[in-house]
Amino acid sequence: MTTERRADPLGRLASDGSATPLPPPSPELRLANGRLAPWVFGLPVAELRAGYRSAVYFDRARRILAAEGADTSVTMQVFQRNDGVVACGVDEALAVLALGAGAYTDQAAADQAFTEHLQARNHARRARVRGGSEYLEAVRAQVGTEIALDRLWRPGARELDVRALRDGDPVNAWEPVAEITGPYRLVAHLESVYLGVLARRSLVASNVRRVVAAAGGKPVLFFADRFDHWATQGGDGYAAFVGGAEGVATDAQAAWWGERGLGTTPHALIATFGGDTVAAMRAFARHIPEVPLVALVDFDNDCVGTSLACARAFGERLWGVRLDTASTLVDRSLWEQLGDFDPTGVNPQLVSNVRRALDAEGFQHVRVICSGGFTAERITAFERADVAVDSYAVGSSLLKGSSDYTADVVLREGRPCAKVGRHYRPSDRLEPVDLAADSP
């Protein structure tokens with residue numbers, strides 16, 4: 001095993017040498033109660049309040065109740081159906097309620113104002129392409145429509161009694177993650193949004209937690225930036241952090257928890273240096289000296305040869321090597337060892353070959369990072385075989401699967417009232433949440 005080589009994998013790999021440094025993390029990221037502040041999530045408040053982001057039938061339900069003047073109080077419990085889930089997205093769901101719960105004082109006027117808001121938003125998007133004063137004026141017009149909607153809005157967070165778990169709490173099937181009590185018409189239009197938030201964040205956090213457990217204490221890096229839409233990065237990166245990942249690929253993925261993205265070099269950089277990995281790493285060392293040198297060593301399908309070339313060139317300066325051999329290839333070092341194992345991709349024998357070669361020439365300090373199609377099951381197999389990996393970079397597998405949530409009315413005016421098969425489930429784990437403190 002290589003425990004002494006695994007010191008401080010995140011702090012030394014963070015992108016401190018960025019040419020354009022980001023501002024320091026805001027001290028206002030978290031509230032006094034430890035939860036993430038509502039502003040962190042960048043919620044489209046006007047769209048939430050208008051029901052634009054929820055299923056149409058939720059918005060129609062709240063309109064019917066408003067027209068009926070029905071302020072019937074209900075208790076809704078939010079849950080999912082699997083054991084061993086890491087609850088995540090709770091703070092974001094609470095922000096949706098804090099900023100989106102309520103009603104318009106004049107629904108017809110609000111409908112017209114929201115139509116104007118969408119038109120102004122679309123104009124601002126078009127004007128952004130051209131930039132300059134036209135864009136500035138378009139943004140001002142868009143903000144003006146948002147202010148007009150705000151004036152028609154009556155916040156409802158103070159009328160809600162909410163209890164919830166914390167991001168990172170373990171949760172089992174049917175266990176309430178959140179409980180909302182208050183007039184249903186104040187929250188009906190938000191259901192799609194807060195359930196979707198919980199589903200996505202809990203999926204990622206749970207997947208990461210399983211991989212972290214499989215790695216047995218070795219650092220896991222969340223490199224899933226290229227496997228989903230860019231707009232998911234902030235929340236996915238936070239969920240990875242909640243799940244136990246020690247680093248993420250992009251600055252956006254790290255923004256919600258006040259860190260920076262980390263990484264080494266892409267194959268494309270090596271290609272621009274004519275396939276010369278050492279030359280590419282020399283350029284990296286010259287221009288980003290603050291970041292530890294980690295060589296990507298599979299460009300020539302010769303991980304042993306390239307690792308040794310980099311180690312000889314940089315000596316103590318080389319922090320580590322990353323093996324990322326494609327699953328369709330057999331590394332050059334294995335050509336004479338074929339027979340009783342799967343030789344494709346990054347496999348235990350390849351890692352062993354690299355480790356032995358480095359150690360034989362006195363490069364015991366060089367760490368070995370593995371990436372390329374790793375899953376919890378594959379990492380478990382590596383760890384059981386005592387493969388000399390120092391850390392794992394994991395990507396697409398962390399976004400697969402499902403973690404679906406449901407919200408059901410279980411009490412009406414404090415008395416049981418639920419569809420068949422549902423009932424109120426008491427929970428002493430839920431903590432009271434003061435939404436009013438963070439709502440308009």
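Residues numbered from 1 in each chain as written. Predicted model: local features only at pLDDT ≥ 70, side-chain atom pairs only at ≥ 80, totals over all residues. Heavy atoms only, no water.

I'd like a rundown of the packing of aromatic side chains, residues and numbers included.
On inspection of all chains with the given rule, the structure shows 11 aromatic pairs. Between F41 and W256, the ring centres sit 4.9 Å apart and the planes meet at 85°, which makes this aromatic pair edge-to-face. With F41 in the segment before α1 (45-49) and W256 in the loop between α8 (251-254) and α9 (267-272), this residue pair connects regions lying 215 residues apart in the sequence. Using a relative accessible area of 10% as the deciding quantity, one classes F41 as buried. A ring pair is formed by F374 and F382, whose centres lie 5.2 Å apart and whose planes are at 80°; its orientation type is edge-to-face. Neither residue differs from the other here; F374 and F382 are each classed as buried. (Phe/Tyr/Trp six-rings, centres within 6.5 Å; stacked < 30°, edge-to-face > 60°. Helix = DSSP H or I, 4+ residues; strand = E, 2+ residues; numbered from the N terminus. Buried < 20%, exposed > 50% of the residue type's maximum accessible area, 1.4 Å probe, protein only.)

Can you explain the packing of helix α11 (residues 303-314) against helix α12 (residues 348-360)? Please cite residues and give values.
It is the contact of α11 with α12, at a shortest axis distance of 9 Å, that shows an interaxial angle of 30°. Relative to α12, the element α11 lies roughly parallel. Judged by the twist between their axes, the crossing of α11 over α12 is right-handed. Every residue of α12 that contacts α11 at C303, V304, S307, L308 and A311 is listed here: L350, N353, V354, A357 and L358. Counted by class, the contact of α11 with α12 contains 8 nonpolar, 2 polar and no charged residues. (Axes fitted to C-alpha atoms, helices over the stretch in contact; angles between N-to-C directions. Parallel < 35°, antiparallel > 145°, perpendicular 65-115°, else oblique. Left-handed = near helix turned anticlockwise from the far one by under 90°. Contact = heavy atoms within 4.5 Å. Nonpolar A, V, L, I, M, F, W, Y, C, P; charged D, E, K, R; others polar.)

An account of the nonpolar core is needed here, citing residue identities and associated values.
In this structure, Y194, F222, V321 and L323 are the most contacted members of the largest nonpolar core, which totals 105 residues. It is helix α6 (residues 191-215) that provides the largest number of residues to this core, a total of 11 residues. The residues contacting V321, other than those within four sequence positions of it, are V294, A295, V297, S307, V354, L358, V366, R367, V368 and I369. (Core = buried A, V, L, I, M, F, W, Y, C linked by side-chain atoms within 4.5 Å.)

Just give me the short version of the pairing of strand β1 (residues 73-80), but keep the residues and values in it.
Two faces make up the sheet, and in a regular strand the side chains alternate between them. A large share of β1 lies buried, amounting to 7 of its 8 residues. Two elements, β1 and strand β7 (residues 178-183), share 6 bridges in a ladder whose sense is antiparallel. Among the inter-strand pairings, S73 is bridged to a residue of β7, identified as P183. (Pairing = 2+ DSSP bridges.)

Go over the environment of W39 with me, naming the residues and quoting the values.
Among the structural elements, W39 can be located in the segment before α1. With 32 residues separating them along the chain, W39 and D71 place their C-alpha atoms 29 Å apart. Within the local environment of W39, its side chain forms a polar contact with the backbone oxygen of E28, the two atoms lying 3.2 Å apart. (Polar contact = N/O pair within 3.5 Å; in protein donor to acceptor, adjacent residues only side chain to side chain.)

Before we move on, could you go through the sheet that holds strand β13 (residues 391-394) and cite the residues and values that matter?
Pairing within the open sheet is parallel, and its 6 strands lie in the order β9-β8-β13-β12-β11-β10. Since the sheet does not close on itself, it has two edges, and those belong to β9 (247-248) and β10 (293-296), each with one partner. In terms of strand pairing, β10 meets strand β11 (residues 318-323) through 4 bridges, oriented parallel. For V294, the partnering residue across the bridge sits in β11 and is G320.

Pulling in residues and values, what's your account of the state of the cysteines?
Under the defined criterion, the tally for this structure stands at 0 disulfides. Left without a disulfide partner, C370 is nearest to the cysteine sulfur of C303, which lies 8.9 Å away. (Disulfide = S-S within 2.5 Å.)

Give me the pattern of salt bridges: which residues, what numbers.
Scanning the entire structure with this criterion turns up 25 salt bridges. With its nearest N and O atoms 2.6 Å apart, the salt bridge here joins E47 to R53. Residue E47 is classed as buried on the basis of its relative accessible area, which comes to 5%. In this structure R53 comes out as partly exposed when scored by relative accessible area, which is 48%. D236 is the partner of R200 in a salt bridge, and the nearest nitrogen-oxygen pair spans 2.6 Å. With R200 in helix α6 and D236 in helix α7 (residues 233-243), the pair connects residues that are 36 residues apart, well separated along the chain. For R200, a relative accessible area of 21% translates into the label partly exposed. Using a relative accessible area of 3% as the deciding quantity, one classes D236 as buried. In this structure, a network of salt bridges that share partners links the residues E92, R200, R201, D228 and D236. (Salt bridge = Lys/Arg side-chain N within 4 Å of Asp/Glu carboxyl O.)

Residues and numbers for the environment of E116, please.
Locating E116 in the fold gives a position in helix α4 (residues 107-130). With 29 residues separating them along the chain, E116 and T145 place their C-alpha atoms 6.8 Å apart.

Talk me through the environment of V409; I want residue IDs and the actual numbers.
Mapped onto the fold, V409 is located in strand β14 (residues 405-412). Assessed through its relative accessible area of 27%, V409 is described here as partly exposed. The spatial distance from the C-alpha of V409 to the C-alpha of V74 is 6.4 Å, given a sequence separation of 335 residues. Apart from residues lying up to four places away in sequence, V409 is in contact with V74, T75, M76, C417 and A418.

Account for α12, naming residues and giving values.
A rise of 1.5 Å per residue sets the reference length of α12, with its 13 residues, at 18 Å; its end C-alpha atoms lie 18 Å apart and thus fit the reference within 8%. By the burial criterion, the buried members of α12 are L350, V351, N353, V354, R355, A357 and L358. After α12 finishes, the residue G362 shows a positive phi value of roughly 85°. (Expected span 1.5 Å × (residues − 1).)

I'd like a rundown of the layout of surface pockets, residues and numbers included.
Put simply, the second largest pocket is a space of about 630 Å³. Taken together, 22 residues make up the lining of the second largest pocket; nearest its centre are F41, E92, R201, A231 and T232. Take the lining of the second largest pocket: its biggest share by element is 5 residues, from α6. (1 Å grid on protein atoms, 1.4 Å probe; cavity = no way out; pocket = protein on both sides within 12 Å on 5 of 7 lines; lining within 4 Å. Points joined across faces, edges and corners; volume = space filled by probe spheres on them.)

Tell me about the packing of α6 against α7, and please be specific about residues and values.
Their axes nearest at 7 Å, the elements α6 and α7 cross at an angle of 40°. With respect to α7, the axis of α6 lies oblique. The two elements α6 and α7 cross, and the hand of that crossing is right-handed. Residue-level contacts link R200, R201, V204, A205, V208, R209 and V212 of α6 to G235, D236, A239, A240, V242 and G243 of α7. Along the lines of polarity and charge, the residues of the contact of α6 with α7 split into 7 nonpolar, 2 polar and 4 charged.

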